[in-house]
Amino acid sequence: MRFNVASIRKQFPILRRKINGHVLAYLDNASTTQKPERVIRALKQYYERYNANIHRGIHTLSEEATEKYEAARKTVAAFINAEPEEIIFTRNTTESINLVAYTWGRANIKKGDIILATEMEHHSNLLPWQALAKEKGAELRMMKITKDGVLIPHLTSPLKGEGSPLSLSLLRRGQGEVFAGYVKLLAITHMSNVLGTINPIKEIIKQAHKAGAKILIDAAQSAAHTSLDVKALDADFVAFSSHKMYGPTGVGVLYGKRELLEAMPPFLYGGDMVKAIEAKSDRYDTCHVRRLMAGARIMTGIIPVIPVWNDLPWKFEAGTSNIADVIAFGEAIKFIQEIGLENIQKHEAELTEYALEKLNALRGITIYGSQAITPPRLQAPGAPATGGQAAPSYNKRGQGGVNFSLHGPILAFNVKGIHAHDLATILNDYSIAIRSGHHCAIPLHQALGVPATARVSFGMYNTKGEIDRLVEGIKVAQKLLAY
Ligand code: ALA
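Remember, it's a predicted structure, so these values are computed and weren't measured experimentally.

## Quick notes on the packing of helix 4 (residues 93-108) against helix 5 (residues 127-136)
Step number 1: Relative to each other, helix 4 and helix 5 sit at 20 degrees, their axes nearing to 9 Å. As summarised for this structure, helix 4 and helix 5 are arranged roughly parallel, according to the angle between their axes. In the crossing of helix 4 with helix 5, the sense of the turn from one axis to the other is right-handed. From helix 4, I97, N98, V100, A101, G105 and R106 reach across to helix 5, where they touch P128, W129, L132, E135 and K136.
Step number 2: The residue inventory of the contact of helix 4 with helix 5, partitioned by class, reads 6 nonpolar, 2 polar and 3 charged.

The structure is reproduced here in structure tokens:
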């Protein structure tokens, strides 16, 4: 399908909205994306035509709702090359990560273990691990980043059960810390929600597995912009959200390898996650309980009641699901597929390159994560980590360009003399929506040495004209506040 931004824009009703007399320029897609008519229509149709609970009724409405809900699961599974049983619907990426922390984490993380994250994580991929580490007496460590916004991923950990340490350099460059314990889990973002850095996830997974660690990938920012093939990647857990993929809010996805999910205890307990209740009339049979991994019995009078957990994925979907939103999420994915992820990626790369060129031409601007700005140096195989020594400078077309396999459509920056919140406020006067602050990534901002950044993030419907408006808006802010 030919990519036509004008016809794509027509499918997003909100893009016709005017704020403060100006047509909306929505440059905050990393926070949440706007929704096409097709997704909105799917929500309306569910409530108008077949609203019913799923997996519970044999009437027509329930059958239709169940069929569409499970069809959405198949669509999501095919999108990332997983099996439908390996797709768990949650509320959001945060809940998906917490699910793993509460279930796999509690069963597998022990005192003295190391959970390894990175300085570029969103708080959702740090705080659940920090809480788990505290509970278990384990340790949460963070891989550092350079000032250029790339990882220094030198990981050294002893293999479990072996006396001598195994040295693993995930990217085979850079200097890192030596970790004394056993790294059980690597929790890492695919694409930074601030810098746009794309981590070389395939190699990282390979190296993590060599070290005997499981890996959880926070794909919240990448899922709508880059293709994910969980089988080819050999990923253990992947988490992402519908609302950053042109779908509704309130739906998250957890992909987990079947054998991992099967071994995990449930997360939430309640309806639809129990296959059967076995009532034992004589005495309590503990072996049976262990075999079922139920680990629980309920005494009703004198009869112990033993639950048998439902099959995957329903074991992890207790209670009534977010039926309408999951179905509409399926439509969002079909919409992405019809436009073509490669076409979207190409368009967004052009926008990011254009924005870099225009922003860099402004006075007093600092763009963070110069991987985007100095690609030839960082692309060179075996090149040493830069350690943040190099000043950002843009390589013009023909002198290198940006490597968009290492950078997504997100740019964080500051304008000299203007707080990011003030800049966002002034831009809003012109109906240009950006995000400002720490973006729930305080460790990253500490590493960058700034309390806040302004952030623009592009989606399939953005245009170069909107970037021109952004640049003009920044100039207005400079006139008012900085110069
Ligand atoms: N995680 C979202 C962001 O980065 C909300 O803006």
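## Some remarks on unusual backbone geometry
Step number 1: In this chain, L312 is followed by P313 through a cis amide linkage whose omega measures 0 degrees.
Step number 2: Secondary-structure assignment places P313 in the loop between strand 15 (303-309) and helix 10 (323-339).
Step number 3: Of note, the phi angle at N20 is positive, near 55 degrees, even though the residue is not glycine.
Step number 4: Its location among the elements puts N20 in the loop between strand 1 (18-19) and strand 2 (22-23).
Step number 5: Given a relative accessible area of 47%, N20 falls into the partly exposed group.
Step number 6: Residue D272 is not a glycine yet carries a positive backbone phi of 75 degrees.

## Some points on the sheet that holds strand 16 (residues 365-368)
Step number 1: Taken in spatial order, the 4 strands of this open sheet run 16-17-20-19, and their pairing is antiparallel. In this open sheet, the two strands that pair with only one neighbour each are strand 16 and strand 19 (435-437). Across the sheet, the mean angle from the axis of one strand to that of its neighbour is 30 degrees, orientation sign disregarded.
Step number 2: On the sheet, helix 13 (residues 420-429) packs against strand 17 (410-415), strand 19 and strand 20 (453-457) and is oriented at approximately 155 degrees with respect to strand 19.

## What to know about the sheet that holds strand 6 (residues 139-143)
Step number 1: The strand order across the open sheet built from 7 strands is 4-12-11-10-9-5-6, with neighbouring strands paired in mixed fashion. With one partner strand each, in any of the chains shown, strand 4 (87-90) and strand 6 form the two edges of the open sheet. Sheet twist, expressed as the mean angle between neighbouring strand axes with direction ignored, is 20 degrees.
Step number 2: Here strand 4 pairs with strand 12 (residues 252-256) via 4 bridges, running antiparallel. The partner of I88 across the bridge, within strand 12, is L254.
Step number 3: Packed onto the sheet, helix 3 (residues 60-79) meets strand 4, strand 11 (237-241) and strand 12 and runs at close to 115 degrees relative to strand 4.
Step number 4: Lying over the sheet, helix 5 contacts strand 5 (114-118), strand 6, strand 9 (183-189) and strand 10 (214-218), oriented at roughly 145 degrees with respect to strand 6.

## What to know about the site of the ligand
Step number 1: Near the ligand you find A30, S31, H122, N193, Q221, K244, R435 and R455, and these make up its full shell.
Step number 2: At 3.1 Å, a side-chain N or O of S31 approaches an oxygen atom of the ligand.
Step number 3: With respect to the ligand, the side chain of R455 contributes an N or O atom lying 2.7 Å from an oxygen atom.
Step number 4: Calculation on the ligand without its partners gives an accessible area of 220 Å², and the protein chains cover 82% of this total.

## Quick word on the pattern of salt bridges
Oppositely charged side chains may form a pair once their charged atoms are brought near each other.
Step number 1: For the coordinates displayed, the defined rule picks out 23 salt bridges.
Step number 2: Of the charged contacts in the structure, one is a salt bridge between D28 and R455, with a shortest N-O distance of 3.4 Å. Remark: R455 occurs in strand 20 and D28 occurs in the loop between strand 3 (25-26) and helix 2 (37-49); sequence separation between them is 427 residues.
Step number 3: For D28, a relative accessible area of 12% gives the class buried.
Step number 4: Of the charged contacts in the structure, one is a salt bridge between E119 and K144, with a shortest N-O distance of 3.6 Å. Of this pair, E119 sits in the loop between strand 5 and helix 5 while K144 is found in the loop between strand 6 and strand 7 (154-158), placing the two residues 25 residues apart along the sequence.
Step number 5: On the basis of relative accessible area, E119 is assigned to the buried category, the value being 12%.
Step number 6: Via salt bridges that share partners, R38, E331, K334 and E338 belong to a single interconnected network.

## Examining the pairing of strand 9
Step number 1: Where burial is concerned, most of strand 9 is hidden: 7 out of the 7 residues are buried.
Step number 2: Two elements, strand 5 and strand 9, share 3 bridges in a ladder whose sense is parallel. Bridged to L116 within strand 9 is L186.
Step number 3: Looking at chain direction, strand 9 and strand 10 are connected through 5 bridges and run parallel. When the bridges of strand 10 are listed, I188 appears paired with I217.
Step number 4: For the crossover from strand 9 across helix 6 (residues 201-210) to strand 10, the handedness is right-handed.

What counts and how
Residues numbered from 1 in each chain as written. Predicted model: local features only at pLDDT ≥ 70, side-chain atom pairs only at ≥ 80, totals over all residues. Heavy atoms only, no water. Axes fitted to C-alpha atoms, helices over the stretch in contact; angles between N-to-C directions. Helix = DSSP H or I, 4+ residues; strand = E, 2+ residues; numbered from the N terminus. Parallel < 35°, antiparallel > 145°, perpendicular 65-115°, else oblique. Left-handed = near helix turned anticlockwise from the far one by under 90°. Contact = heavy atoms within 4.5 Å. Nonpolar A, V, L, I, M, F, W, Y, C, P; charged D, E, K, R; others polar. Buried < 20%, exposed > 50% of the residue type's maximum accessible area, 1.4 Å probe, protein only. Pairing = 2+ DSSP bridges. Near = heavy atom within 4 Å. Polar contact = N/O pair within 3.5 Å; in protein donor to acceptor, adjacent residues only side chain to side chain. Areas by Shrake-Rupley, 256 points an atom, 1.4 Å probe, with all protein chains shown as cover. Salt bridge = Lys/Arg side-chain N within 4 Å of Asp/Glu carboxyl O. Right-handed = clockwise from strand over helix to strand, strands pointing away.

On their own, these measurements won't tell you what the molecule is for.
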